[in-house]
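Each chain is listed here by its residues.
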Amino acid sequence: MSKHLTQNINSSYLDAANALRPGGKKKKRIIAYVESYDDIFFWRSVLSEFENDEREFQVMLPSRTNLSRGKKQAMTNFLGEGLGKSMIACVDADYDWVMQGHTSYSQAMLSNPYIFHTYVYAIENYQCYAPSLHNVCVMATLNDRNVFDFETYLTEYSVIVYDLFVWSVWLYRRQLYRDFPLNTFCNFVSVNKFNLFNPHTALEELRRTVNRKMAWMQHRYPKAKESFKPLKEELMALGVRPDNCYLFIQGHHIMENVVMSALDPACTMLRREREKEIKRLAQGRKQQMDNELASYQHSQMPVMQMLRRNTEFKDCEPYQRLRADLKRFLGINDEAAE
């Protein structure tokens, strides 16, 4: 294939190529462009469900001619006009989902039937899906004892930060994000000095920090009251609720400053517990103990690596919306699937 064709390939070209496949090779190939390296594994795990004898997906970065990556590259370069039945874009929702068309990026993402988005802020939010975090602990430590209630922790966290999150969305919809940029918001909703045995202390400190900032917001924008409540109601209708707000906050922040604050010490505890058990069962036989400890340590995996490979999020409500979008695109109905 010439360099010129490589640069200007689009869905129509792939449609024609798929139609020209010989009789023995009728499987349709659909290219799925994603934002970055980390997204390749995530979207592969999503799209694999829909592969069969008739279709297959190839997950790729958005540029074949340079190192450009990211959502803008996937949505605004030649792919924006070239997307179609054989070429799709798969991106993080970021704030564009909760913007609901209030920005040009949001309009482009929501209106194009060949752009699929996460509904949650980013893939990291799915990887941090609370009901799946115990499994991440097991993968990382090979110890199945449940030592921390991640679901309650992330629910309480979400309830605490929800109103401030609504303020953030309110400002972004009005192009006032410079008054409270996303990185500043994330600083206000970080969990500091987390203690696995007493998480409520850190959460109460977070509550005080959030409440102080909300009081400042109310003083700064006294006329916001009339539009603030309808926005909360709209977000609730979109599935953005006080109990699951962590899914819609910047993914890297949630992963690094909220989830890992609890996940890392939980895994450390489980590993130490397993090592103590090995030492106890060895009953003073040093060589056997050393061999068993070495075997266990060799079998462990880094916590962050296991978190980034977590795929146990597919019963999550936003994921079901994403799955429904893909089924509509592929012409799959539930009766046919059964």
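Anything mentioned here points back to the structure above.
Residues numbered from 1 in each chain as written. Predicted model: local features only at pLDDT ≥ 70, side-chain atom pairs only at ≥ 80, totals over all residues. Heavy atoms only, no water.

Draft legend 1. Inspection of the sheet that holds strand β4 (residues 115-117) at higher detail. Read across the sheet, four strands follow the order β2-β1-β3-β4 without closing on themselves; strand pairing throughout is parallel. Because the sheet does not close on itself, it has two edges, and the strands there are β2 (55-60) and β4. Geometrically, the sheet is characterised by an average inter-axis angle of 30 degrees between neighbouring strands, direction not taken into account. The sheet contact formed by strand β1 (residues 28-33) and β2 spans six bridges and is parallel. (Pairing = 2+ DSSP bridges. Helix = DSSP H or I, 4+ residues; strand = E, 2+ residues; numbered from the N terminus. Axes fitted to C-alpha atoms, helices over the stretch in contact; angles between N-to-C directions.)

Draft legend 2. Expanded view of empty space enclosed by the protein. The full count for this structure, using the stated rule, is one cavity of 30 Å³ or more. Roughly 30 Å³ of volume is contained in the largest cavity. Lining the largest cavity we find D38, I123, Q127, R308 and R309. In terms of residue class, the lining of the largest cavity is made up of one nonpolar, one polar and three charged. (1 Å grid on protein atoms, 1.4 Å probe; cavity = no way out; pocket = protein on both sides within 12 Å on 5 of 7 lines; lining within 4 Å. Points joined across faces, edges and corners; volume = space filled by probe spheres on them. Nonpolar A, V, L, I, M, F, W, Y, C, P; charged D, E, K, R; others polar.)

Draft legend 3. Seen up close, the environment of K286. Note on placement: K286 falls in helix α15 (residues 286-299). Of the polar contacts made by the side chain of K286, one reaches the side chain of D290; its length is 2.7 Å. (Polar contact = N/O pair within 3.5 Å; in protein donor to acceptor, adjacent residues only side chain to side chain.)

Draft legend 4. Fine view of the pairing of strand β3 (residues 87-91). The buried fraction of β3 amounts to five of the five residues, a majority that puts the element mostly inside the structure. Neither face of β3 is exposed, since M87, A89 and V91 on one face and I88 and C90 on the opposite face are all buried. Both β1 and β3 contribute to a ladder of three bridges, which runs parallel. If you follow A32 over to β3, its bridge partner there is I88. (Buried < 20%, exposed > 50% of the residue type's maximum accessible area, 1.4 Å probe, protein only.)

Draft legend 5. Representation of the nonpolar core. Y95, Y157, F165, F185 and L263 are the most contacted members of the largest nonpolar core, which totals 103 residues. In contact with Y95, not counting residues within four places along its chain, are Y121, F165, S168, V169, Y172, L182, F185 and F248. (Core = buried A, V, L, I, M, F, W, Y, C linked by side-chain atoms within 4.5 Å. Contact = heavy atoms within 4.5 Å.)

Draft legend 6. Spatial organisation of the pattern of salt bridges. This model, assessed by the stated rule, comprises 15 salt bridges. We note a salt bridge from K232 to D163, for which the minimum N-O separation is 2.9 Å. With K232 in helix α13 (residues 225-237) and D163 in helix α10 (residues 150-173), this residue pair connects regions lying 69 residues apart in the sequence. For R241, the salt bridge is made with D243, and the minimal N-O distance between the two is 2.8 Å. On the basis of relative accessibility, which here comes to 22%, the residue R241 falls in the partly exposed class. (Salt bridge = Lys/Arg side-chain N within 4 Å of Asp/Glu carboxyl O.)

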